[in-house]
Amino acid sequence: MKGIILAAGAGSRLYPASLPISKILLPVYDKPMIYYPITTLLLAGIKDILIITSPYDIDNFKKVLGDGSSIGVKFSYAIQEIPKGIAESFLIAEDFIQNSPVALILGDNIFHGFGFSSMLKEVGKREKGATVFGYQVQDPERFGVVEFDENKKAVSIEEKPKNPKSNYAVTGLYFYDSNVVEYAKTLTPSARGELEITDLNKIYLEKNALKVEILGRGFAWLDTGTFESLLQAANFVQSMEINTGMKIASIEEVAYRMGYISKDNLIELAKKYKQNGYGKYLTKIAETV
């Protein structure tokens, strides 16, 4: 399975903070925002990742991440000239995807919770159909909303409905089989001129090929698209790291624990951050795990 991170939005809700740099490279506590979606894909066993960004930001992403070889993975890059919807990602990534299943995650989405890595590994093994994740929210009218029957089977999905049929929002993490590119090609732009991911999910739903995994209590889903939510995410990460002594979304640590790099590789990576706690943490992981 391959992975895509969509990191091309203008981030205008975070202006002026995001004027000089993509919002996906802004810090969330002690690491760039993009580390969080990368970690999610790594935990799903995905090592071949395409980062879709704007022509103005691509060089910054390459500077921060390189080709991924330092953590045992492969990063590729593509450009979305003008944001035309999440589902356009699959048209941009057609040559990258080829005939492989693929996961897409939005660059400003952060997930954390007990058992999430096990769930991701299981979902990542599915080669047929699509899987999305539902999360209960207070303001479902802001999201794509999934409706369930009495057996918790999805029966409808609506994009930003005025009268939501449930409180379950579809999060910014999606897994699709190899049919996704062909399905995306059949979409027509919505009233706001975008290829809607909800319309793509509806195709799978109509084919009885859509699974919805519920992220229940104990899970955190954070969308860092506003000043308030960005601060909330940073405070959440800080609190969890202080209380547990463990980093959230350290791509070097995750790569090591997944077996993508060796202990010597991790120690070498830690030297880059030897002047702060991040480097000391990586050194500690190498010495104790």
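All residue numbers refer to positions counted from 1 along the written sequence of the respective chain. Since the coordinates come from a predicted model, pLDDT governs what is reported: local features require at least 70, and pairs of side-chain atoms require 80 or more to be given and counted, while whole-chain, interface and lining totals use all residues. The side-chain numbers reported here are obtained from all heavy atoms of the structure, hydrogens and water having been left aside.

Draft legend 1. Region of interest: the overall build of the chain. Put simply, DSSP marks the helices as runs of H or I at least four residues long and the strands as runs of E at least two long, and each gets a number from the N terminus on. Secondary structure summary: the chain contains 11 helices and 13 strands in total. Atoms counted for the radius of gyration: C-alpha only. Globule rule: 2.2 Å times the number of residues to the power 0.38. What you see for the chain is a C-alpha radius of gyration of 19 Å, in line with the 19 Å of a compact globule of 289 residues. Expressed as lengths along the three principal axes of its C-alpha atoms, the size of the chain is roughly 50 × 40 × 40 Å. When a residue's accessible area, from a 1.4 Å probe over protein chains only, is under 20% of the maximum for its type it is buried; when over 50% it is exposed; and in between it is partly exposed. Across the 289 residues that make up the chain, the buried fraction comes to 53%. The contact rule is simple, with two residues in contact once any of their heavy atoms fall within 4.5 Å. Partitioning the intrachain contacts of the chain with sequence separation of at least 6 by distance along the chain shows that 74% fall at a separation of at least 24. Per-residue and other accessible areas follow the Shrake-Rupley method at a 1.4 Å probe size, with only the shown protein chains counted as cover for residues. Carbon together with sulfur atoms contributes 49% to the accessible area of the chain, which is approximately 14000 Å² in total. Mean positive and mean negative side-chain charge positions of the chain (33 and 34 charges, respectively) differ by 4 Å. Counted as positive: Lys and Arg. Counted as negative: Asp and Glu, with His and the chain ends omitted from the count. In this description, the location of a charge corresponds to atom NZ of lysine, CZ of arginine, CG of aspartate or CD of glutamate.

Draft legend 2. Geometry of the environment of phenylalanine 90. Counting through the fold element by element, phenylalanine 90 comes out in helix 3 (residues 89-92). The class of phenylalanine 90 is buried, set by a relative accessible area of 0%. With 91 residues separating them along the chain, phenylalanine 90 and valine 181 place their C-alpha atoms 5.5 Å apart. Excluding residues that lie within four positions of it along the chain, phenylalanine 90 makes contacts with Ile4, Ile97, Val102, Leu104, Tyr176, Val180, Val181, Ala184, Ile197 and Leu200.

Draft legend 3. Quick peek at the packing of aromatic side chains. Each Phe, Tyr or Trp ring, with Trp reduced to its six-membered ring, pairs with another whose centre is within 6.5 Å; inter-plane angles below 30 degrees give stacked pairs, above 60 give edge-to-face pairs, and intermediate values give tilted ones. For the coordinates displayed, the defined rule picks out 12 aromatic pairs. Judged by centre distance (6.4 Å) and plane angle (75°), the ring pair of phenylalanine 116 and phenylalanine 133 falls under edge-to-face. In this pair, phenylalanine 116 is assigned in helix 5 (residues 116-124) and phenylalanine 133 in strand 8 (residues 130-136), connecting sequence segments 17 residues apart. Assigned by exposure class, phenylalanine 116 and phenylalanine 133 land together as buried.

Draft legend 4. Broad picture of unusual backbone geometry. Along the chain, tyrosine 15 connects to proline 16 via a cis peptide bond; the corresponding omega equals 5°. With respect to the secondary-structure elements, proline 16 resides in the loop between strand 1 (2-7) and strand 2 (27-28). The backbone of alanine 249 shows a phi angle near 65°, a positive value even though the residue is not glycine. On the basis of relative accessibility, which here comes to 9%, the residue alanine 249 falls in the buried class.

Draft legend 5. Up close: the packing of helix 10 (residues 263-270) against helix 11 (residues 277-288). Lines fitted to C-alpha atoms define the axes, with helix axes restricted to the stretch in contact, and inter-axis angles between N-to-C directions lie between 0 and 180 degrees. Interhelical geometry of helix 10 versus helix 11 gives an angle of 165° and a closest axis separation of 8 Å. When the interaxial angle is binned, helix 10 and helix 11 end up roughly antiparallel. Every pair of crossing elements has a handedness; the one defined by helix 10 and helix 11 is left-handed. Contacts from Lys263, Leu266, Ile267 and Ala270 in helix 10 reach Gly279, Leu282, Thr283, Ile285 and Ala286 in helix 11. Working rule for angles: under 35 degrees goes down as roughly parallel, over 145 as roughly antiparallel, 65 to 115 as roughly perpendicular, anything else as oblique. A clockwise turn of the near helix away from the far one marks a right-handed crossing, whereas an anticlockwise turn of less than a right angle marks a left-handed crossing.

Draft legend 6. Inspection of the nonpolar core at higher detail. The definition of a nonpolar core used throughout is a set of buried Ala, Val, Leu, Ile, Met, Phe, Trp, Tyr and Cys residues joined through side-chain atoms within 4.5 Å. Formed by 64 residues in total, the largest nonpolar core has its most connected members in Ile34, Ile51, Phe75 and Phe175. Excluding residues within four positions of it along the chain, phenylalanine 75 makes contact with Ile38, Ile49, Ile51, Leu65, Gly66, Asp67 and Gly68. If you look at the next biggest cluster of nonpolar residues, it comprises 37 residues, including Ala93, Ala130, Tyr168 and Leu205.

Draft legend 7. Just the pattern of salt bridges, in detail. What makes a salt bridge here is a side-chain nitrogen of Lys or Arg within 4 Å of a carboxyl oxygen of Asp or Glu, nothing more. The full count for this structure, using the stated rule, is 15 salt bridges. Lysine 247 serves as the salt-bridge partner of aspartate 30, at 2.7 Å between the closest nitrogen and oxygen. Here aspartate 30 is found in the loop between strand 2 and strand 3 (31-32), whereas its partner lysine 247 is found in the loop between helix 8 (227-244) and helix 9 (251-257), with 217 residues between them in sequence. For arginine 142, the salt bridge goes to aspartate 139, with nearest N and O atoms at 3.0 Å. A relative accessible area of 24% places aspartate 139 in the partly exposed class. What you see here is one network of salt bridges that share partners, running through Glu159, Lys160, Arg192, Glu194 and Glu196.

Draft legend 8. The environment of glutamate 287, seen in detail. Mapped onto the elements, glutamate 287 comes out in helix 11. Glutamate 287 gets classed as exposed once you look at its relative accessible area, which sits at 61%.

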